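# Fold and contact review
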Amino acid sequence: LETLDGRPIAVEFVSNVYLVDHSRVIQCNIRDITQRKWADAERKRLMAAIEQVGEVIIMTDALGVIQFVNPAFERATGYSRTEAVGQNPRLLKSGEQEEPFYRDLWRTITGGGVWAGRMVNRRKDGTRCTEEATISPVRDPSGRIVNFVSVQRDITEHLRLTARFQQAQKMEAVGRLAGGVAHDYNNMLSVIVGYTELALRKVGPSEPLHADLKEMLKAAQRSTEITRQLLAYARK
């Protein structure tokens, strides 16, 4: 229907039939349900978003009993919605965090605050995952906390890749250091080898110093090979 000013509205018809003085009277009530229809559409859009979002969403009652989980929860934890609803989030407890951690979390959200942090949870198969979580209280119109909503994102793979990247950076730094040291060392060895070869030309093979110089040259040449290996490592 449309209002007098041309605004479209949704309406609900309720008809009743009465007998008045043996005559049938039809009473028709028309109720504007535009706001209700709009609210229902909004609720459906919200639920669709929650069902399809990639982050884990858990809703509990005021005592912490799970009332709702989205499909991302099932994929991330291995627990089905049926297995989770009615349980406490302790279902995911890994043992990595000690009791003071959970006491502080519970004190924050029951006090009306939002808790945000990182925690290690345990999946159904026993494996552990690190998650970034935000837990918020939900209040009714009177201001009373009636639910808690947790939004969690699995960052296990992100942390693993970050650790590998940091290790690669360390190895790169070691490689640069090794390359610099090997280059300088190789320059000094070149001087030692050069002067040793010149000295060998001036000392006859029969003289005792000749054998000592030969050993010095062998040692310098072996050291040169080591520096080549260090330079090859640094290039890698």
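Heads up: the structure comes first, above all this text.
Fair warning: this is a prediction, and the values are worked out from it, not measured in the lab. Here, residues in each chain are numbered from 1, in the same order as that chain's written sequence. A pLDDT threshold of at least 70 governs which residues receive local features in this predicted model, and a stricter bar of 80 or more applies before side-chain atom pairs are shown or counted, although totals over entire chains, interfaces and linings include all residues. Excluding hydrogens and water, the side-chain values take into account all heavy atoms of the structure.

## Structural notes on helix α6 (residues 208-235)
Under the convention used in this document: In this description a helix means any DSSP run of H or I spanning at least four residues, a strand means any run of E spanning at least two, and both kinds are numbered starting from the N terminus. Helix span, as expected, comes to 1.5 Å for every residue beyond the first. Partly exposed residues are those whose accessible area sits between 20% and 50% of the maximum for their type, while under 20% is buried and over 50% is exposed, using a 1.4 Å probe and protein chains only. Any two residues whose heavy atoms approach within 4.5 Å are treated as being in contact.
With 28 residues, α6 extends 42 Å between its outermost C-alpha atoms, agreeing within 8% with the 40 Å of an ideal straight helix rising 1.5 Å per residue. Those residues of α6 lying buried are His210, Leu213, Leu217, Ala220, Ser223, Thr224 and Thr227. Taken together, the buried residues of α6 touch α5 (156-202).

## With respect to the environment of Lys37
Along the chain, Lys37 falls in helix α1 (residues 34-52). A residue is classified by how much of its surface remains accessible, and Lys37, at 47% relative accessible area, is partly exposed.

## So, the side chain of Ser94
Stated formally: In protein, a polar contact requires one atom able to donate a hydrogen and another able to accept it; more generally it is a pair of N or O atoms within 3.5 Å, and residues adjacent in sequence count only if both atoms are side-chain atoms.
Following the sequence through the fold, Ser94 ends up in the loop between α3 (81-84) and α4 (99-110). Ser94 gets classed as buried once you look at its relative accessible area, which sits at 8%. A distance of 3.1 Å separates a polar side-chain atom of Ser94 from the backbone nitrogen of Glu96. Apart from the residues lying within four places of it in its own chain, the contact partners of Ser94 are Val120, Asn121, Arg122 and Arg128.

## Observations regarding the sheet that holds strand β3 (residues 56-61)
Rule in force here: When DSSP finds two or more bridges between a pair of strands, those strands are recorded as paired. Every axis in this analysis is a line fitted to C-alpha atoms, fitted for helices over the stretch in contact. Angles between the N-to-C directions lie between 0 and 180 degrees.
If you walk across this open sheet you meet the five strands as β4-β3-β7-β6-β5, and the pairing is antiparallel. Of all the strands in the sheet, just β4 (66-69) and β5 (115-122) have a single pairing partner and so form its edges. In this sheet, neighbouring strand axes are inclined to one another by 30° on average, regardless of whether the strands run parallel or antiparallel. For strand β6 (residues 128-139) and strand β7 (residues 145-154), the ladder comprises nine bridges, and the chain directions are antiparallel. What sits directly across from Arg139, in β7, is Ile145. Contacting β5, β6 and β7, α4 runs over the sheet at an angle of about 140° to β5.

## Overview of the nonpolar core
This is how the line gets drawn: In this text, buried Ala, Val, Leu, Ile, Met, Phe, Trp, Tyr and Cys residues form a nonpolar core when linked through side-chain atoms within 4.5 Å.
Core analysis: the biggest nonpolar cluster contains 11 residues, these being Val56, Ile58, Ile66, Val69, Ala72, Phe73, Ala76, Tyr79, Ala84, Leu91 and Leu92. Counting residues per element, this core draws most heavily on helix α2 (residues 71-77), at three residues. Apart from residues lying up to four places away in sequence, Phe73 is in contact with Val56, Ile58, Gly78, Tyr79, Ala84 and Leu92. Residues Ile109, Ala133, Ile135 and Ile145 belong to the second largest nonpolar core, which totals eight residues.

## Section: the pairing of β4
Where β3 and β4 come together, three bridges link them in antiparallel fashion. Its bridge partner lying in β4, Met59 is registered against Phe68. Hairpin connection, β3 to β4: the antiparallel pair is bridged by four residues, and Gly64 has positive phi, about 95°.

## Some words on the environment of Leu63
Position of Leu63 relative to the elements: it lies in the loop between β3 and β4. The class for Leu63 is exposed, based on a relative accessible area of 70%. Each C-alpha atom, one on Leu63 and one on Ile145, is 10.0 Å from the other, the two residues being 82 residues apart in sequence. Excluding residues within four positions of it along the chain, Leu63 makes contact with Asn88 and Trp106.

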